[in-house]
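# A structural walkthrough
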Amino acid sequence: MAAEPNSTEPHSYDDDPAFPLHRGGKLEVRSTIPVRDKDDLSLAYTPGVARVCTAIAEHPELAYDYTWTSKVVAVVTDGTAVLGLGDIGPAASMPVMEGKSLLFKEFAGVDSVPIALNCTGVDEIVDTVIRLAPSFGGINLEDISAPRCFEIEDRLRAALDIPVFHDDQHGTAIVALAALKNAARLTGRPLSSLRAVVAGAGASGVAVTRMLLNAGIGDIAVSDSKGLVYQGRDGLNPIKLALAADTNKAGLRGSTEEALRGADVFIGLSGSTVQESSVATMADDAIVFALSNPTPEVHPDVARRHARVVATGRSDFPNQINNVLAFPGIFKGALEVRAHSITEGMKLAAADALAAIVGDDLSADYVIPGPFDERVAPAVTAAVADQARAEGVNRI
């Protein structure tokens, strides 16, 4: 009998090539040692395993040497802000979390476990991750909606002595900063001379803004759905109040479009639309990062009529701002030195390492390496590990 129109039977999706690829999931667990005979079994499990357990009970730090915890990351979500899909819940988020784990392994050789939590309360998520943490060497938070994601990360960083990293925030920020450094170099300007406009005050918008401030950008104005964020604006949550205090030195009010007049940089992270006429009002040698996916705030072909450098979040245009350039190497570097945390200095070091890969090949269509550039993960790994040692957050 033919499937009903609304059937959810797997065979009803086979015409879409994505479904056969995902069937059964994209990950599996494999053993790292053989179990060929009773001697192997007695060492891998009882009685040999008891000696290892006893040693770890007496000296807990030995868990890093004699279990997988020093090299495995938990990829944790509650399914409330998945890609461009929004709040689709934990079950529907799993293909994305599996994909994230796949990228960890393929791009940096880092093992990870996708974990989708059936809870959305801040206290519930924090408590659950704290209880899971002894099994892992790091926590990668993923696709958790703002503003809850900020408090969740802050509380977990304070509670745990392993790296906690919200990729939607910091991965985007690191790659955007690396690209902006090269775009500024191409146009002969220091970051300190640039005035930027960031559209979007969610997780990535806040993180990009904070990272640009830490890198020394001249001035930056942030907008949300109600317009520009400024001191004295009514209805700002604590995150936006802090942004208002640290940004928009010019005291601009009004819309994103109004702030773009004379601006050097536009970074779109809002899913909104920016008209060509507004891009045309930007300064000479403008830099436009229209990063919303799948539809950029302004089409790159349109932006190029007025901007010197254009980047998007898409793979079918030059200069893709892709988080995969950052998070695999960042975690690998942190895990290699058994870092207690991932610091701002480590993030800035990762951005510098990414920017340096471009080198003398810099051009308007090449301000950031591509995701399949084999130099990326080793460069980021080394930079993060070195910075961790320099800051003393390493264990080895």
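Residues numbered from 1 in each chain as written. Predicted model: local features only at pLDDT ≥ 70, side-chain atom pairs only at ≥ 80, totals over all residues. Heavy atoms only, no water.

## Overview of the overall build of the chain
Within the chain one finds 16 helices and 10 strands. Its C-alpha atoms give the chain a radius of gyration of 23 Å, near enough to 21 Å, the size a compact globule of 396 residues would have. The principal-axis extents of the C-alpha atoms in the chain amount to approximately 75 × 65 × 45 Å. For the chain, buried positions account for 51% of its 396 residues. Sequence separation of at least 24 residues holds for 64% of the intrachain contacts in the chain that already meet a minimum separation of 6. (Helix = DSSP H or I, 4+ residues; strand = E, 2+ residues; numbered from the N terminus. Rg over C-alpha atoms; globule rule 2.2 N^0.38 Å. Buried < 20%, exposed > 50% of the residue type's maximum accessible area, 1.4 Å probe, protein only. Contact = heavy atoms within 4.5 Å.)

## Details of the pairing of strand E1 (residues 72–77)
The buried fraction of E1 is high, at 6 of 6 residues. Of the two faces of E1, the one holding Val-72, Ala-74 and Val-76 and the one holding Val-73, Val-75 and Thr-77 are both buried throughout. Handedness of the E1-helix H5 (residues 89–108)-strand E2 (residues 111–116) crossover: right-handed. In terms of strand pairing, E1 meets strand E3 (residues 138–141) through 4 bridges, oriented parallel. Paired with Ala-74 across the strands is Ile-139, a residue of E3. (Right-handed = clockwise from strand over helix to strand, strands pointing away. Pairing = 2+ DSSP bridges.)

## Here we look at the sheet that holds strand E6 (residues 219–224)
The strand order across the open sheet formed by 6 strands is E7-E6-E5-E8-E9-E10, and the pairing between neighbours is mixed. For this open sheet the edge positions go to strand E7 (227–228) and strand E10 (307–312), each flanked by a neighbour on one side alone. By the bridge criterion, 5 bridges tie strand E9 (residues 286–290) to E10 in an arrangement that is parallel. Residue Ala-286 lies in a different strand from E10, and its bridge partner there is Ala-307.

## Brief notes about the packing of helix H6 (residues 122–132) against helix H7 (residues 148–159)
Here H6 crosses H7 at 35°, and the two axes come no closer than 10 Å. The interaxial crossing formed by H6 with H7 has right-handed handedness. Side by side, H6 and H7 meet where Val-122, Asp-123, Ile-125, Val-126, Val-129 and Ile-130 of the first sit next to Arg-148, Glu-151, Ile-152, Arg-155, Leu-156 and Ala-159 of the second. Taken together, the residues of the contact of H6 with H7 sort by class into 8 nonpolar, no polar and 4 charged. (Axes fitted to C-alpha atoms, helices over the stretch in contact; angles between N-to-C directions. Left-handed = near helix turned anticlockwise from the far one by under 90°. Nonpolar A, V, L, I, M, F, W, Y, C, P; charged D, E, K, R; others polar.)

## Some words on H5
In this model, H5 (20 residues) spans 28 Å end to end at C-alpha, consistent with the 28 Å of a helix rising 1.5 Å per residue. At Pro-95, H5 is deflected by roughly 40°, the largest bend along its length. When we look at burial in H5, the residues that qualify are Gly-89, Ser-93, Val-96, Met-97, Glu-98, Gly-99, Lys-100, Ser-101, Phe-104 and Ala-108. Tucked inside the fold, the buried residues of H5 contact E1, E2, E3, helix H8 (167–186), helix H14 (327–336) and helix H16 (376–391). Just downstream of H5, Gly-109 is the residue with a positive phi angle, here 70°. (Expected span 1.5 Å × (residues − 1). Bend = angle between axes of the 7 residues up to and from the residue.)

## Re a nonpolar patch on the surface
A cluster of nonpolar side chains, Ile-33, Val-35, Leu-41 and Tyr-45, forms an exposed patch at the surface whose accessible area comes to about 410 Å². Mapped onto the secondary structure, Leu-41 falls in helix H2 (residues 38–44). (Patch = residues over 30% accessible without salt bridge, like charges linked within 9 Å, V, L, I, M, F, W, Y side chains within 5 Å. Areas by Shrake-Rupley, 256 points an atom, 1.4 Å probe, with all protein chains shown as cover. Salt bridge = Lys/Arg side-chain N within 4 Å of Asp/Glu carboxyl O.)

## Considerations on the environment of Leu-83
On the secondary structure map, Leu-83 appears in the loop between E1 and H5. Taking the relative accessible area as the measure of exposure, Leu-83 reaches 64% and is therefore exposed. For Leu-83 and Val-337, which are 254 residues apart along the polypeptide, the C-alpha to C-alpha distance reads 31 Å. Apart from the residues lying within four places of it in its own chain, the contact partners of Leu-83 are Val-96 and Asp-143.

## A look at the sheet that holds E1
By way of backbone hydrogen bonds, the strands of a sheet pair with one another, either parallel or antiparallel. A sheet is described by the order of its strands in space; here 4 strands give the open sequence E2-E1-E3-E4, paired in parallel fashion. For this open sheet the edge positions go to E2 and strand E4 (164–166), each flanked by a neighbour on one side alone. Strand after strand, the sheet turns through a mean of 20° between neighbouring axes, direction not considered. Sheet strands touched by H5: E1, E2 and E3. Its angle to E2, the strand with the most contacts, is close to 170°.

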